[in-house]
Structure formats: structure tokens, C-alpha cells
Amino acid sequence: MRHSVRRVRGEGCDGVSAPDRAEFFVPGPTPTKGSGRGMVHRHTGRVIVLPDNRKLGPWTKFASLIARAARPRDWDLAGPFEVTVLVGVQRPKDKLLARTRPFPTVKPDADKTARAILDLCTGIFWHDDAQVVDLGPARKRYCGEGVEFGARIAIRRLTENDL
């Protein structure tokens, strides 16, 4: 699957751009960041941690292009941040399941998806994801009625007025 990213002058991908906030959308399935597995590197003897989700690497490369295009030019990586995440997942094809399950209570987990997104934004919007002091709602909804298939991420820098 090949995607293209275009930058609109002075704006992020969705047209939401300001020195203190950014919003972007990554289309397609959003992988989760589960537990990593550790192993000893046979040449160096050091312990390395490998992700347990093979789809995470390619998705991170693609999503980072979109995130970089959405970042305002004068963005400062310092400070506390608030992040909200909305992940749109596809409805089940089974009509009975679609009616009896109004919310997507199956994988992917909303919190593990949010972890993948926070790690993705490290180095683009902040130095370390520890700077995210308010992880707003990490919502997972079925597509349709204003929810697209993919992940919509909104980032806002917090100020003293937000205390």
C-alpha cells in the first residue's frame, strides 16, 4: 500500500496549525504497541528489546511522514502537552455482531494504540513522551458518522492557564 504526503504551505495536513497545537490523520489500520520481547544480541552481548508487532515499524515510518508534515514550522519541542486520540476501526461484517456490539470491544486496545502514537510523536512534537501530562480521551469507535478508518491525533501545548 503506497501513500503520498503533501504539505500545505503554513498548515498541517488537515489545515489545523498553530504554534501551540497540531492535528493530523493517519489513514488505515492502526497497530498497537504491545509488550516487547528482550533478547541478548549474539555479537555485542547487550540486551535488545524487539517489538512484538511486526506491523508497527512500517506504520511508524508512514505515520511519521504525516506527523512531520502536520507539525507547524515554529513548533517548540519543550513544555507539557495534551494529546487526544480517536481511532476508527471497521465494523464487523456479520450483521448480527454489528447490531449487538455498538462499541468496538475487541482488539486493538485503545491504550496500546495510544502508546504507539505517543512513541511515534517522540522527536517530532516533543523530546520524550513523559512530557505528555494529559492524555485526553483515547477513543476507539466504529467508522461512519464522522469517524474515518485510521487514527486522528490532536496535540496541544499546555500553559500555566491550563492548571
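See the structure printed just above.
Residues numbered from 1 in each chain as written. Predicted model: local features only at pLDDT ≥ 70, side-chain atom pairs only at ≥ 80, totals over all residues. Heavy atoms only, no water.

K.L.:
Explain the layout of surface pockets to me, please; I cannot follow it from the model alone.
P.N.:
Sizing a probe to match a water molecule and rolling it over the atoms shows the empty space that remains. Each pocket or cavity is described by its volume, and for the largest pocket that value is around 590 Å³. Every residue lining the largest pocket is counted, 29 residues in all, and those nearest its centre are Pro 29, Thr 30, Pro 31, Thr 32 and Pro 108. Across the lining of the largest pocket, the residue classes tally to 15 nonpolar, eight polar and six charged. (1 Å grid on protein atoms, 1.4 Å probe; cavity = no way out; pocket = protein on both sides within 12 Å on 5 of 7 lines; lining within 4 Å. Points joined across faces, edges and corners; volume = space filled by probe spheres on them. Nonpolar A, V, L, I, M, F, W, Y, C, P; charged D, E, K, R; others polar.)

K.L.:
Before we go on, may I ask you to explain the packing of aromatic side chains in this structure?
P.N.:
The geometry of an aromatic ring pair is captured by two quantities: the separation of the ring centres and the angle between the planes. This structure, assessed with the given rule, holds five aromatic pairs. With 5.8 Å between their ring centres and 5° between their planes, Phe 24 and Phe 125 make a pair best called stacked. With a gap of 101 residues between them, Phe 24 in strand E2 (residues 21–27) and Phe 125 in the loop between helix H3 (110–121) and strand E6 (132–142) connect regions that are remote in the sequence. No difference in accessibility class separates Phe 24 from Phe 125, as the two residues are buried. Clustering of aromatic rings is evident, with ring pairs tying together Phe 24, Trp 75, Phe 81, Phe 125 and Trp 126. The ring of Trp 75 has Arg 157 sitting right over it, with the charged end atom 4.8 Å from the ring centre. (Phe/Tyr/Trp six-rings, centres within 6.5 Å; stacked < 30°, edge-to-face > 60°. Helix = DSSP H or I, 4+ residues; strand = E, 2+ residues; numbered from the N terminus. Buried < 20%, exposed > 50% of the residue type's maximum accessible area, 1.4 Å probe, protein only. Lys NZ or Arg CZ within 6 Å of the ring centre and 35° of its normal.)

K.L.:
I'm lost on the nonpolar core in this one. Help?
P.N.:
Side chains that are nonpolar tend, in soluble globular proteins, to be buried together. In terms of nonpolar packing, the biggest core is built from 29 residues, with Phe 24, Phe 125, Trp 126 and Ile 155 touching the most fellow members. Contributions of two or more residues to this core are made by E2, helix H1 (56–70), strand E5 (81–89), H3, E6 and strand E7 (150–157). Broken down by element, this core gets its largest block of residues, seven residues, from H1. For Phe 125, the residues in contact, after removing those within four places along its chain, are Ala 22, Phe 24, Ala 67, Arg 71, Trp 75, Asp 76, Leu 77, Phe 81 and Ile 155. (Core = buried A, V, L, I, M, F, W, Y, C linked by side-chain atoms within 4.5 Å. Contact = heavy atoms within 4.5 Å.)

K.L.:
Hey, could you run me through the pattern of salt bridges in this one?
P.N.:
Inspection of the entire model under this criterion finds three salt bridges. Between Glu 23 and Arg 152 there is a salt bridge whose closest N-O contact spans 3.2 Å. One end of the pair, Glu 23, is in strand E2; the other, Arg 152, is in strand E7, and 129 residues separate them in sequence. Residue class for Glu 23 comes out partly exposed when judged on its relative accessible area of 22%. On the basis of relative accessible area, Arg 152 is assigned to the partly exposed category, the value being 23%. Across the pair Glu 148 and Arg 152 runs a salt bridge whose closest N-O atoms are separated by 2.7 Å. In the salt-bridge network here, residues are joined through shared partners; they are Glu 23, Glu 148 and Arg 152. (Salt bridge = Lys/Arg side-chain N within 4 Å of Asp/Glu carboxyl O.)

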